[in-house]
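Fold and contact review
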Amino acid sequence: MSLQAALVANGTAVPLADIPEGSVPQLRSLILEKVAGGSHLASFFPFADGPRTMLVAVLTNPEEGGLAVGMAEVGDSYTSLTPECAEAHLFEREIAENCGIVPRGHPWLKPVRFTGTPADDRLPASFRDGRIGAMDFFRVEGEEIHEVAVGPVHAGVIEPGHFRFQCHGEEVIHLEISLGYQHRGAEAMIRSAPVRRGRYIAETVAGDTSCGHGLAYAMTVEALAGLGVADSADRVRAVGLELERIANHTGDLGALSGDVGFLPTASYCGRLRGDILNLTALIAGNRFGRGLIVPGGVGYPIDSAMAGTIRERLAVAWKDIRGAVDLLFRRPSVMARFEETGTVPRHTADHLGLVGPAARASGLEVDVRHELPTGVYRREEFPLELQGGGDVLARARQRYVEMATSVGFIDRLLQENCAAPRPVNPDDIVLRPDHFAVSLVEGWRGQVCHVGITGGDGRLHAYKIVDPSFHNWTGLAMALRGQLISDFPLCNKSFNLSYCGFDL
């Protein structure tokens, strides 16, 4: 008998007893069937249910208007999904690292964050070592093959990560990416924190995605507590989220310009990113939107005078951004470096389960705002923008068209009431016992997923976070295959993934 998944609407909670439970083979079949049918593995993780360890799978299921969820009790091992479902490969490595549960047949089992696990002779020694980077890297053998190791320490303010290139001359045959240098235990901290403190932790999972992760956390808490949110608060939340998107895409287009030595756009966008961040500061008192989105509403309303100021300043900034980006895309020397560099074909992006602009630039129709909308995105049609080329140029253009959409969306929102009421006191929020909630948000990098599970005492017994970078780092590795090693900075910036968001 097959396992029938529960359909959970995005940003809602259901009693934990309503999540179907089957055997691990049944859960495995469910995942493979859904992924083959076009679903995406949004989250796959274990949690302790008394003496039992349960595996939970959350899959996007936009055709039915929700998320497919199923679970199974697991022992000390199970048959790996990875050989048949590449999307599961990092999730399974994480499960092995955190719990010592062995995915038998996993083709490349090694730590994700080097947190150490209970001693288990069935796992490679690196799992029990706990030293960051203590693992075997894939090696290519042959004449004139050489290896280039980059990082984990990088120049400037770049976060730590290790990149191991296998090269033949200048050509990259294989790139392996090893992270984990910034693991802070964010999920464990959220589980043990009161709601007031949990919001601060969620906002700092990835600092440049404070609104994205803050919104996912707020939605999860609201679902578990049965709280509603005023329409005006939903509008303010969307304004914060879209300003975050515009600011980061502006910065990325400037950084891409800098990587190919085209300084006019690099200089303009560096300044213009600050102008967009200052609009967020106008609302929340800080440039990253900390405290803007809180469980039960927003921390800062937008009155009509502020809305008018934001619209005016955004229109001026957008005019300048268009001019700067137009310079970039009209420069033949820039196009020669962007076109056909770091290409990730559609079938590869689909096979790996890429999300966000990187996926849409390869032609994948994935966008939470379009597939599983919540809040104001549910009430206003949000167009799905696709480039489809899969190269650096497509990823750059994808950012630009999405910025244009966000600018228009913000302008329309600010013409409506954004004077949100005061939110509830976070100390008064009570979570319902034995409930399961899942929230997906389309952050600027892509799909942010938060899952919360309460126990019989009404406290969080499990909290799982998946940043879009968790899905997309492997896409960067694939983009480098067959490229010159000198193209790495350009390809890397075209994805601009988060180290700390991955490391949690």
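Here the structure is shown first, and the text comes after it.
So, here is what we can say about the structure in this document.

Criteria and thresholds
Residues numbered from 1 in each chain as written. Predicted model: local features only at pLDDT ≥ 70, side-chain atom pairs only at ≥ 80, totals over all residues. Heavy atoms only, no water. Disulfide = S-S within 2.5 Å. Helix = DSSP H or I, 4+ residues; strand = E, 2+ residues; numbered from the N terminus. Buried < 20%, exposed > 50% of the residue type's maximum accessible area, 1.4 Å probe, protein only. Pairing = 2+ DSSP bridges. Axes fitted to C-alpha atoms, helices over the stretch in contact; angles between N-to-C directions. Lys, Arg positive; Asp, Glu negative; His and termini not counted. Salt bridge = Lys/Arg side-chain N within 4 Å of Asp/Glu carboxyl O. Contact = heavy atoms within 4.5 Å.

Things to note about the state of the cysteines
- Within the structure shown, the criterion is met by zero disulfides.
- We note that Cys 269 lacks a disulfide partner, and the nearest cysteine sulfur, in Cys 491, lies 19 Å from it.
- Its sulfur unpaired, Cys 449 is 15 Å from the next cysteine sulfur, which belongs to Cys 85.

Re unusual backbone geometry
- Pro 152 follows Gly 151 through a cis peptide bond whose omega is 15 degrees.
- Positive phi, close to 45 degrees, is recorded for Asn 496, a residue that is not glycine.
- Tracing the sequence through the fold places Asn 496 in the loop between α17 (488–495) and α18 (499–503).
- Taking the relative accessible area as the measure of exposure, Asn 496 reaches 16% and is therefore buried.

Some points on the sheet that holds strand β2 (residues 12–15)
- The antiparallel open sheet is built from four strands, whose spatial order is β2-β14-β15-β16. Looking at which strands have only one partner, the edges of the open sheet turn out to be β2 and β16 (460–466). Shown here is a sheet whose adjacent strand axes are inclined to one another by a mean of 15 degrees, direction ignored.

Description of the side chain of Glu 92
- Within the fold, Glu 92 resides in helix α2 (residues 89–99).
- No salt bridge is formed by the buried Glu 92, whose closest oppositely charged neighbour, Arg 28, lies at an N-O distance of 6.4 Å.
- Not counting the four nearest positions on each side in its chain, Glu 92 is found in contact with Phe 44, Tyr 78, Ser 80, Leu 81, Thr 82, Pro 103 and His 106.

So far we have only geometry, and geometry alone does not tell us how the molecule works.
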